[in-house]
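Each chain, written out:
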Amino acid sequence: ILLNLDPTMSTSVLQDLFSGSLAGGAGCILGHPLDTIKVRMQANPAQFPTLAQSITRTLAHEGVKGLFKGLAPPLGSIAIYQAVCFA
């Protein structure tokens, strides 16, 4: 059962699902580079000792693509999860 507290606002479930998946995807895309750097710092502290060095080394060796490695699985799952929560 959908609870619509404001009778003047009518949105369809499809619009809510789309909005939720868009918001979840945007959050994932924005946060993923820092998560990638965090994981690299945890896994190999000798090679990636500080945040600044981790970012510069990743960009130097892999380019911007390196910051978004492994984005597809969390992007797909968080988009679905947020769509359901938002609707």
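To be clear, the structure that these remarks concern was listed above.
Along each chain, the written sequence defines residue order, and numbers are assigned to residues from 1. Given that the model is predicted, a residue must reach a pLDDT of at least 70 before its local features are reported, and side-chain atom pairs must reach 80 or more before they are shown or counted; all residues, however, enter totals for whole chains, interfaces and linings. To get the side-chain values, take all heavy atoms of the structure and skip hydrogens and water.

A. View of the environment of Asp16. The way it works is that DSSP assigns letters per residue, a run of H or I at least four long becomes a helix, a run of E at least two long becomes a strand, and they are numbered from the N terminus. Examined against the element boundaries, Asp16 turns out to sit in helix H1 (residues 13–43). Each C-alpha atom of the pair Asp16 and Phe86 lies 6.1 Å from the other, and the pair is 70 residues apart in sequence.

B. Geometry of the environment of Ala79. Structurally, the position occupied by Ala79 is in helix H3 (residues 72–86). Once the C-alpha coordinates of Ala79 and Gly27 are considered, the two residues, 52 residues apart in sequence, prove to be 9.3 Å apart. For this analysis, residues touch if any pair of their heavy atoms sits within 4.5 Å. Those residues in contact with Ala79 that lie beyond four places of it in its chain are Gly20 and Ser21.

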